[in-house]
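The primary structure of each chain is shown beneath.
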Amino acid sequence: EVQLVESGGGLVQPGGSLRLSCAASGFTFSSYAMGWVRQAPGKGLEWVSGINSGSGSTTYADSVKGRFAISRDNAKKTLYLQMNNLRPEDTAVYYCAKSYLGYLTHEYDYWGQGTQVTVSS
């Protein structure tokens, strides 16, 4: 059974940083691209960032480029999202997502339960 468990969310002031983690199990983590997707209050899902299976390629939404960094540790079966210079508009539930492909893509077949990130003074 595929399981994706996010952690690391919380309340942070504007300009602050958070690091999200996603612990994966139930599949061969190193074979699949992964990504982060978020949903702000009252809005639809927004793709945030993706990484290919081998960590060689990453991609970001324009709204987070230069502030967020995605990475993965295939040995630990864990996906990360380092978020710096956070803004109030980054407030959302952040979901870890697994692709059914190995290369960079926005196509995902499993999502975690999400972790809340709130940016407020």
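Everything discussed here concerns the structure shown above.
A brief report on the enclosed structure follows. The model shown is predicted, which means the values in this text are computed figures rather than measured ones.

Brief notes about the packing of aromatic side chains
Summed over the entire model, instances satisfying the criterion amount to 2 aromatic pairs. For the ring pair Phe27 and Phe29, a centre distance of 6.2 Å and an interplane angle of 55° mean the geometry is tilted. Like Phe27, the residue Phe29 is buried in the burial classification. On the numbers, 6.0 Å between centres and 65° between planes, the contact of Phe27 with Tyr32 is edge-to-face. A relative accessible area of 12% places Phe27 in the buried class.

Some thoughts on the sheet that holds strand 3 (residues 18–25)
Pairing is antiparallel across the open sheet formed by 4 strands, whose spatial order is 1-3-8-7. One side of each edge strand has no neighbouring strand; the edge strands of this open sheet are strand 1 (3–7) and strand 7 (68–73). Averaged over all neighbouring strand pairs, the angle between strand axes comes to 15°, with direction disregarded.

Quick look at the state of the cysteines
Inspection of the entire model under this criterion finds 1 disulfide. One disulfide in the model links Cys22 with Cys96; its S-S distance is 2.1 Å. Measuring the twist about the S-S bond at about -70°, one finds the Cys22-Cys96 disulfide to be left-handed. With Cys22 in strand 3 and Cys96 in strand 9 (residues 92–99), this pair connects stretches of sequence that are 74 residues apart. Residue Cys22 is classed as buried on the basis of its relative accessible area of 0%.

Regarding the environment of Gly50
The topology assignment puts Gly50 in strand 5 (residues 45–51). Classification of Gly50 as buried rests on a relative accessible area of 0%. In this structure the C-alpha to C-alpha distance between Gly50 and Leu101, which are 51 residues apart in sequence, comes to 12 Å. Look past the residues within four positions of Gly50 in its chain and what remains in contact with it is Met34, Gly35, Ser57, Thr58, Thr59, Ile70, Leu104 and Tyr108.

Criteria and cut-off values
- Residues numbered from 1 in each chain as written.
- Predicted model: local features only at pLDDT ≥ 70, side-chain atom pairs only at ≥ 80, totals over all residues.
- Heavy atoms only, no water.
- Phe/Tyr/Trp six-rings, centres within 6.5 Å; stacked < 30°, edge-to-face > 60°.
- Buried < 20%, exposed > 50% of the residue type's maximum accessible area, 1.4 Å probe, protein only.
- Pairing = 2+ DSSP bridges.
- Helix = DSSP H or I, 4+ residues; strand = E, 2+ residues; numbered from the N terminus.
- Axes fitted to C-alpha atoms, helices over the stretch in contact; angles between N-to-C directions.
- Disulfide = S-S within 2.5 Å.
- Contact = heavy atoms within 4.5 Å.

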